[in-house]
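If you want the building blocks of each chain, they are given just below.
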Amino acid sequence: MFRFIGRRLVACVVLVVVIAGITFLLAFSGTGNVARNLLGESATPDQLAAKNAELGLDKPLLAQLGTWAEHALHGDLGISWFTNEPVAQAIANRLPVTLSMVVLAVALTALISVGLGVAAAVRGGWLDRVIQVLSVAGFALPNFWVALVLVVFFSVTLGVLPATGYVRLSESPGSWAAALVLPVASLVIGSTASAAQQVRGAVIDVLRQDFVRTLRARGISPRSVLFRHALRNAASPALTVLSLQFIALLGGAVVIEKVFAIPGLGTLTINAALQGDVPVLMGVVVTLVVLVVIVNLVIDVISGWVNPKVRVQ
Amino acid sequence: MLIRRCSALLAAAALVVGAGACSGAGASQSASKTLTIAAVLDNNSFDPTQLNIGNQMQYWSPVFDTLLTRDKDNKLQPWLATSWKYDAKRTTLNLELKSGVKFTDGTPFDATVVKDNLTNLAAGTGQNSYMSRSIATYQIVSPTELNLKLKAPDPGLVDYLASVGGVMASPKSLKSPTVATVPVGSGPYELDKTGTVAGSTYTYKRNPGYWNTAAFPYDKIVIKPMTDLTARLNAIKSGQVNGTLTDTNSLADAQRSGLTANTTPVNWNGLLLMDRDGKLVPALKDLRVRKAINYAFDREAILKNVSHGQGALTTQIFNAAGDGYDQALDSTYNYDPAKAKQLLAEAGYADGFAITMPESPGFAQYNAIIEQQLGAIGIKVKWVKVPANAVIPEILSGKYPVAFMTLGSQSAWQDIQKAVTRKSPWNPLKAGDPQLDKLLATAQNAPEAQLPAAMKAVSKWLVDNAWFDPWYRENSVYLSDARTAVAMQAYNVAPSINSFSPKE
């Protein structure tokens, strides 16, 4: 098990380094206008040159990458070029916001999709068909459109939930939860639709296998067959789907944060990308990659623990 | 069992949500003396050398006093400076200062502080450093009086003193490592660090020692940066904020929702005809060609269909509230494609010619119109795609003969510095004309009483010589809810904090 985790960790580090390098090169290829955007239209060529020197943009690209990597390894992700906020602080402020939303969405997705997927697989018939139709509909609806519909109905028309913003959990747990209801619901509708189908398929596959027939022949109760044996075997693909959902939800959160004006990593990323704020962009990308890598690692470990065959693979 | 547990969890979640809903939505309504607004941009900095006008003004106007201010009629009024007066040559500006004012760190405001702030701004690298760069030396007469000795007359200086140029911060804070995040001003409010999260919420509480509390009716100001227009509209419609900026496309929807639209024309939309000397496209050196371009656009239809009628037709670049505006000029070039073609033929371009223009995603709605209306008189447009955040640097680079732009307009002299002189950034090909130089010199040195006439003469020359092709002044639209009154400012897209007041 330790060797398995070790191999995964090495792969993770390589992934982070490669993605950081590629992002850096892509991001810096478009920084030609940063000094002008920062100093405004009346800046003289001398002022522009001084600004470029101050930001280190006058050095060769690889030297800039080396400097950034050296600082990043010491925990210094630099300072935003446009808001003067330390990047690490900006991420620390916004990461809990995005994580609150995504973790809640993943948890609810797991809960609802397992419930619906198992019900559809076991009961079959009209229930299965209804769940499948709802799943397809949920999958087809873009989450930003769902978000807008929810805002118009619950916030603007009924006035029962906030249309925008985020309240820290430490400030007011009730307001925190209220602020997250609509964004999380917008994310969950699409992700549940997709995950429920996967769970349904996995459970049906397992229920058709020989060992299940044997268990049933031995007189084990259907509930025990389902929850103790079938679900355990179906857990591996389901966990993989959920880890993919986590990554997809991080991506979806970018749009949802924008619609709900939630000050999370998504909003930070969009603003940094639009302005060409490379230090912020780099910090966010590295943070997100590390986050995704950790989630994958955890899922791999859980899968390996639940199903030893995965470790051998 | 599992289903039962799930139900219990969902029920618990619903309870929490229900509790939160009561405290979440409409929180801003609980305190009538709280103003909550959604801003278009995040705050860039509280460092006085980095302050900007436009949307950024809302962040710093609660904490910093300025030397002068503007009233609702756009007239300059005393603030920290109680009076101002030029000498006959207009190269020395005398300022009398208010006494007894203190910054929030206890430092008293006096003439030395004014000098410290103005020199600090001029030495800085911010967008508005130019606002105090015309000052050569400072003569401190007393703690409440000083003379600003100018290198040359600067008709824009007093305007700047009511803006970023006049911002006064505690001199102790100017070199502080926290200058960008911890503002130390003498303004009506202080930034409340505990209620402030960068990028999310900026909270301001009253400055208990403020000298003019009565002018600021709110006890608390909350500014929430929301870059997305839909989010801002949803926030104001659902009662989460009292005011926000919108665009003309969403105006009708906002008004149906019972919101008040407060408008002011700050920007002019149209073409910058930058290649007046024909360096890139020889045809543009010919006045008849530039006039033809002015006649080519159906301004009225564009204003009606693109900006939903929110604005006023114009052919001049100066702000209608400023010295240089001359209403008589606004009908100089009425839509007349036949006349445009005739002018092109007279200039020897009956078969037309081609120009290259930057194509910005931010101005996508205008590109097809430009292509069609110029095409109708024989001018073919070749587009070069430019990312939205590179549009201004690209235009200022001097690579293009013509570009569409929405350009902010303030006082006439400010606009002249921005786009008319040989050194102006928005004159990237450095075009010039001896006659225009004379008019500019006359305006620069004109006594106060003759200043409006001198500025109008500049505007007339610019229109007669078709240096630009303005179509219309577009309204900046600021929405407010039923509890909030807003007085728009002529020179700024977003109102500053003293422009808001609760409705009785």
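Residues numbered from 1 in each chain as written. Chains lettered and ligands numbered in written order. Predicted model: local features only at pLDDT ≥ 70, side-chain atom pairs only at ≥ 80, totals over all residues. Heavy atoms only, no water.

Let us now look at the overall build of chain A. Helix and strand content of chain A: 13 helices and zero strands. The order of helices and strands in chain A, counted from the N terminus, is α-α-α-α-α-α-α-α-α-α-α-α-α. Buried residues in chain A amount to 47% of all 313 residues. Carbon and sulfur atoms form 68% of the exposed surface of chain A, whose accessible area is close to 15300 Å². A gap of 23 Å separates the mean positions of the 21 positive and 14 negative side-chain charges of chain A. (Helix = DSSP H or I, 4+ residues; strand = E, 2+ residues; numbered from the N terminus. Buried < 20%, exposed > 50% of the residue type's maximum accessible area, 1.4 Å probe, protein only. Areas by Shrake-Rupley, 256 points an atom, 1.4 Å probe, with all protein chains shown as cover. Lys, Arg positive; Asp, Glu negative; His and termini not counted. Charge placed at Lys NZ, Arg CZ, Asp CG, Glu CD.)

Take the overall build of chain B next. A tally of helices and strands in chain B yields 15 helices and 21 strands. Against the compact-globule benchmark of 23 Å for 504 residues, chain B has a radius of gyration of 25 Å, which places it among compact chains. Referenced to the eigenvectors of the C-alpha coordinate spread, the extents of chain B come out at roughly 80 × 75 × 40 Å. Sorting the 504 residues of chain B into buried and exposed places 58% on the buried side. Taking as baseline every contact in chain B between residues at least 6 positions apart, the subset at least 24 positions apart corresponds to 68%. Counting every atom, chain B has about 19800 Å² of accessible surface; 53% of that belongs to carbon and sulfur. A gap of 3 Å separates the mean positions of the 49 positive and 42 negative side-chain charges of chain B. (Rg over C-alpha atoms; globule rule 2.2 N^0.38 Å. Contact = heavy atoms within 4.5 Å.)

Right, let's talk about the confidence of the model for chain B for a bit. Atomic detail in the predicted coordinates should be set aside for any region of low pLDDT. Per-residue confidence for chain B gives a mean pLDDT of 91, with 94% of residues at or over 70. The ipTM for the predicted assembly is 0.81, set against a pTM of 0.86. (pLDDT = per-residue confidence, 0-100.)

This part covers the packing of helix α9 (residues 210–217) of chain A against helix α10 (residues 222–259) of chain A. Residue and element names in this part refer to chain A. Between α9 and α10, the shortest axis-to-axis distance is 11 Å and the interhelical angle comes to 170°. Between α9 and α10, the angle falls in the class roughly antiparallel. Only V225, H229 and N233 of α10 make contact with α9, whose side of the interface consists of F211, V212, L215 and R216. Class assignment of the residues belonging to the contact of α9 with α10 gives a composition of four nonpolar, two polar and one charged. (Axes fitted to C-alpha atoms, helices over the stretch in contact; angles between N-to-C directions. Parallel < 35°, antiparallel > 145°, perpendicular 65-115°, else oblique. Nonpolar A, V, L, I, M, F, W, Y, C, P; charged D, E, K, R; others polar.)

A few words now on the nonpolar core. Of all hydrophobic cores here, the largest spans 130 residues; its most connected members are L67, F109, L148, Y204, L271, I370 and L462 of chain B. With seven residues, the single largest contributor to this core is helix α15 (residues 451–464) of chain B. Beyond its immediate sequence surroundings of up to four residues, L462 of chain B is in contact with I317, F318, V420, L436, W467 and F468 of chain B. Listed in part, the 33 residues of the second largest apolar core include V106, Y166, I256 and V295 of chain A. (Core = buried A, V, L, I, M, F, W, Y, C linked by side-chain atoms within 4.5 Å.)

It is worth spelling out the pairing of strand β11 (residues 202–206) of chain B at this point. Regular strands place their side chains on alternate faces of the sheet. All names here are of chain B. The pairing of strand β10 (residues 189–191) with β11 spans three bridges and is antiparallel. Bridging from a neighbouring strand, L191 pairs with Y204 of β11. Of the pairings in the sheet, the one linking β11 to strand β12 (residues 220–225) comprises four bridges and is antiparallel in character. What sits directly across from K205, in β12, is K220. (Pairing = 2+ DSSP bridges.)

So, about the sheet that holds strand β5 (residues 81–86) of chain B. Strands in a sheet are paired, the pairing made by backbone hydrogen bonds, and the direction either parallel or antiparallel. Residues and elements named next belong to chain B. Across the sheet, four strands lie side by side as β5-β6-β8-β7; this open sheet has antiparallel pairing. Strand pairing shows two members of the sheet lacking a second neighbour, β5 and β7 (135–142), which therefore form its edges. Direction aside, neighbouring strands of the sheet carry axes that sit 20° apart on average. Pairing geometry for β7 and strand β8 (residues 145–150), over six bridges, is antiparallel. In the strand pairing of β8, I135 is matched with L150. Sitting on the sheet, helix α3 (residues 111–123) is in contact with β6 (92–97), β7 and β8, with an inclination near 170° to β7.

Inspection of every chain in the model, using the stated rule, returns 16 salt bridges over all chains. The salt bridge involving D210 of chain A is made with R213 of chain A; its shortest N-O contact spans 3.5 Å. Here the residue D210 of chain A and the residue R213 of chain A both occupy positions in helix α9, the gap between them amounting to three residues, near one helical turn. When sorted by exposure, D210 of chain A lands in the same class as R213 of chain A, which is exposed. Notably, a salt bridge pairs R70 of chain B with D159 of chain B, separated by 2.2 Å at the nearest N-O pair. Of this pair, R70 of chain B sits in strand β3 (residues 68–70) while D159 of chain B sits in helix α4 (residues 157–160), and the two are 89 residues apart along the sequence. Assessed through its relative accessible area of 13%, D159 of chain B is described here as buried. (Salt bridge = Lys/Arg side-chain N within 4 Å of Asp/Glu carboxyl O.)

What follows covers the side chain of S129 of chain B. Residues and elements named next belong to chain B. Note on placement: S129 falls in the loop between α3 and β7. Accessibility expressed as a relative area gives 1% for S129, which makes it buried. One polar contact links the side chain of S129 to the main-chain carbonyl oxygen of G126, over a distance of 3.0 Å. In this structure S129 touches L121, A122 and G124, once residues within four positions along its chain are discounted. (Polar contact = N/O pair within 3.5 Å; in protein donor to acceptor, adjacent residues only side chain to side chain.)

Attention now goes to the environment of L226 of chain A. Residues and elements named next belong to chain A. With respect to the helices, strands and loops of the structure, L226 is situated in helix α10. For L226, a relative accessible area of 10% puts it in the buried group. If sequence neighbours within four positions are ignored, L226 has contacts with V118, V122, V203 and L231.

Time to look at helix α10 (residues 337–346) of chain B. All names here are of chain B. For α10, every residue scored as buried is listed here: A340, L343 and L344. In an axial view of α10, the angular spread of the buried residues amounts to 100°, which keeps them on one side of the axis. Contact partners of the buried residues in α10: α8 (287–296), β16 (353–359) and β17 (379–385). A positive phi of about 90° marks G348, the residue just after α10. (Arc of directions from axis to C-beta.)

Before going further, it helps to examine a nonpolar patch on the surface. Residue and element names in this part refer to chain A. A surface patch of nonpolar side chains, about 470 Å² in accessible area, is lined by V10, V14, V18, I22 and L26. Residue placement: V10 occurs in helix α1 (residues 2–28). When its relative accessible area of 54% is taken as the criterion, V10 is described as exposed. (Patch = residues over 30% accessible without salt bridge, like charges linked within 9 Å, V, L, I, M, F, W, Y side chains within 5 Å.)

Let us now look at the side chain of N94 of chain B. All names here are of chain B. With respect to the element layout, N94 can be found in strand β6. Among the polar contacts listed, one links the side chain of N94 to the side chain of E145, at a separation of 2.9 Å. At 2.7 Å, the side chain of N94 and the side chain of N147 are in polar contact. Sequence-distant contacts of N94, that is, excluding residues within four places in its chain, are made with S83, W84, K85, E145, L146 and N147.

All names here are of chain B. Three or more residues of helix α9 (residues 299–306) are buried, namely R299, I302, L303 and V306. Down the axis, α9 shows its buried residues gathered within 100° of arc, on one side only. Exposed positions of α9 whose direction lies more than 90 degrees from the buried face are E300, K304 and N305. Buried residues along α9 sit in contact with α8, β15 (311–313), α11 (364–376) and β19 (468–480). Trailing α9 by a residue or two, H308 shows a phi angle of about 55°, which is positive.

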